[in-house]
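Structural overview for review
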Amino acid sequence: MIASLDGVVGDVAADSLVVEVGGIGYQVFAAPALLTSARPGTKLKVHTYHLVREDLQALYGFRSADELGFFRLLLTVQGVGPKVALAIVGSRAVADLQLAILQ
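What comes next is a walk through the structure. This is a predicted model, so every value here is computed, not measured.

Its place among the elements puts Gly22 in the loop between β2 (16–21) and β3 (24–30). Sequence separation between Gly22 and Val77 is 55 residues, and the spatial gap between their C-alpha atoms is 36 Å.

Structure follows, in structure tokens:
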């Protein structure tokens, strides 16, 4: 399992970025807030969720351990997959999302 990446931003796309660590570029899917703050050539640490399925391996990246934890919690909800969970986590601060759910 890949729990985090600490490296240099290689490239930023519409839905993902590449984090170069030790000569290897890892594609990490991320929310727009992280993507807009990432600049090629700058150092970045992301907390990651490593999804492994029979036909797919993917990394989802987050700015904080709280965002990652909330993402994992959302994945336990029936019908919520990683793309939907990423969109939810990326929509607001985790504390705001938790408050909205409680209300």
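Another aspect to go through is the packing of helix α2 (residues 65–75) against helix α4 (residues 94–102). Between α2 and α4, the least distance of the axes is 10 Å, while the angle of their chain directions is 35 degrees. On α4, the residues touching Asp66, Glu67 and Phe70 of α2 are Val94, Leu97, Gln98 and Ile101.

A word on the pattern of salt bridges. The full count for this structure, using the stated rule, is two salt bridges. For Lys43, the salt bridge goes to Asp6, with nearest N and O atoms at 3.2 Å. Linking Lys43 in strand β4 (residues 43–53) with Asp6 in strand β1 (residues 4–12), this pair joins segments that are 37 residues apart in sequence. Taking the shortest distance from any N to any O, the salt bridge between Arg63 and Glu67 comes out at 3.0 Å.

Definitions and cut-offs
- Just so you know, the residues in each chain are numbered from 1, in the order the chain's sequence is written.
- Under the rules for a predicted model, residues below a pLDDT of 70 receive no local features and side-chain atom pairs below 80 are neither given nor counted, while totals for whole chains, interfaces and linings still include all residues.
- Hydrogens are left out, water is left out, and the side-chain values use all remaining heavy atoms of the structure.
- A run of DSSP states H or I qualifies as a helix once it reaches four residues; a run of E qualifies as a strand once it reaches two. Both are numbered from the N-terminal end.
- Lines are fitted to the C-alpha atoms to define the axes, a helix being fitted only along its stretch in contact, and any angle between axes, read from their N-to-C directions, falls within 0 to 180 degrees.
- When checking whether two residues touch, look at their non-hydrogen atoms; a contact exists if any pair is within 4.5 Å.
- Throughout this description, the term salt bridge denotes a Lys or Arg side-chain nitrogen within 4 Å of a carboxyl oxygen of Asp or Glu.

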